Amino acid sequence: MANFLQEFKTFAMRGNVIDLAVGIIIGGAFNNIVSSVVADLIMPPIGLLINGVNFTNLKVTLKHAVTENGNIIQPAVTINYGNFLQATLNFIIVAFAVFLLVKFINSLDRKKAAAAPAEPPADVKLLTEIRDLLKEEEKKS
């Protein structure tokens, strides 16, 4: 049992697992931001273009609700394709934002690699060492 707990501790404390946990938490918070951007900024103009239709209310009614004396006996059966459209749009926006983030990080890595001096080839290193040794020999003589 102690070996099992030690193995679990080693697994849980790996850098990748902790990075993944942080990523999931940040992703959850990012999801709220993206949902707000979609619902509050993007969808109103699109709704205006399609005569004020709210995507989340778009649905196909397969069977109407059964009511009796104003009470719902059996709820309506609907296909809520508007929710699907909304979730799809949210996904596209999140995927695009992650793409832009990765693209930005990759460009920083390329700039860093270009800024770092390239290491000389092995034969140039060897020749440099030989030159330095010859200079030392000259100084001794």
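Overview of the structure. Because the structure is a prediction, the values reported are computed rather than measured.

Calculation criteria
- Residues numbered from 1 in each chain as written.
- Predicted model: local features only at pLDDT ≥ 70, side-chain atom pairs only at ≥ 80, totals over all residues.
- Heavy atoms only, no water.
- Helix = DSSP H or I, 4+ residues; strand = E, 2+ residues; numbered from the N terminus.
- Contact = heavy atoms within 4.5 Å.
- Areas by Shrake-Rupley, 256 points an atom, 1.4 Å probe, with all protein chains shown as cover.
- Pairing = 2+ DSSP bridges.
- Salt bridge = Lys/Arg side-chain N within 4 Å of Asp/Glu carboxyl O.
- Buried < 20%, exposed > 50% of the residue type's maximum accessible area, 1.4 Å probe, protein only.
- Patch = residues over 30% accessible without salt bridge, like charges linked within 9 Å, V, L, I, M, F, W, Y side chains within 5 Å.

1. Some details on the overall build of the chain
Consideration 1: Helix and strand counts for the chain stand at four helices and four strands.
Consideration 2: Long-range pairs, those at least 24 residues apart, make up 41% of the contacts in the chain with a sequence separation of at least 6.
Consideration 3: Carbon together with sulfur atoms contributes 67% to the accessible area of the chain, which is approximately 12,000 Å² in total.

2. Section: the environment of A87
Consideration 1: Mapping A87 onto the fold places it in helix α3 (residues 81-115).
Consideration 2: For the pair A87 and D109, spaced 22 residues apart in the sequence, the C-alpha separation amounts to 33 Å.

3. Overview of the pairing of strand β3 (residues 71-74)
Consideration 1: As defined by bridge partners, strand β2 (residues 66-68) adjoins β3 across three bridges and the pair is classed as antiparallel. Looking at the pairing, T67 lines up with I72 of β3.
Consideration 2: Hairpin connection, β2 to β3: the antiparallel pair is bridged by two residues, and N69 has positive phi, about 55°.

4. As for the pattern of salt bridges
Consideration 1: A full pass over the atoms with the stated rule returns two salt bridges.
Consideration 2: When the shortest N-O distance is used, the salt bridge between E119 and K125 registers 2.4 Å.
Consideration 3: What makes E119 exposed here is its relative accessible area of 59%.
Consideration 4: The partly exposed category is assigned to K125, whose relative accessible area is 34%.

5. Overview of unusual backbone geometry
Consideration 1: You will see that N69, though not glycine, has its phi angle at about 55°, which is positive.
Consideration 2: If you trace the backbone, N69 turns up in the loop between β2 and β3.
Consideration 3: Classification of N69 as exposed rests on a relative accessible area of 78%.

6. Digging into the environment of I42
Consideration 1: Here I42 lies in helix α2 (residues 15-49).
Consideration 2: On the accessibility criterion, I42 (28% relative accessible area) is partly exposed.
Consideration 3: Residue contacts for I42: discarding those within four places in its chain leaves V37, L89 and I93.

7. Section: the environment of A21
Consideration 1: Mapping A21 onto the fold places it in helix α2.
Consideration 2: With relative accessibility at 38%, the residue A21 sits in the partly exposed group.
Consideration 3: A21 sits 107 residues away from T128 along the chain, and the two C-alpha atoms are 48 Å apart.

8. Some details on a nonpolar patch on the surface
Consideration 1: A cluster of nonpolar side chains, V60, L62, V77, I79, Y81, F84 and L85, forms an exposed patch at the surface whose accessible area comes to about 650 Å².
Consideration 2: Elements supplying a minimum of two residues to the nonpolar patch: β1 (60-63), β4 (77-79) and α3.
Consideration 3: With respect to the helices, strands and loops of the structure, Y81 is situated in helix α3.
Consideration 4: You can call Y81 partly exposed: its relative accessible area is 35%.

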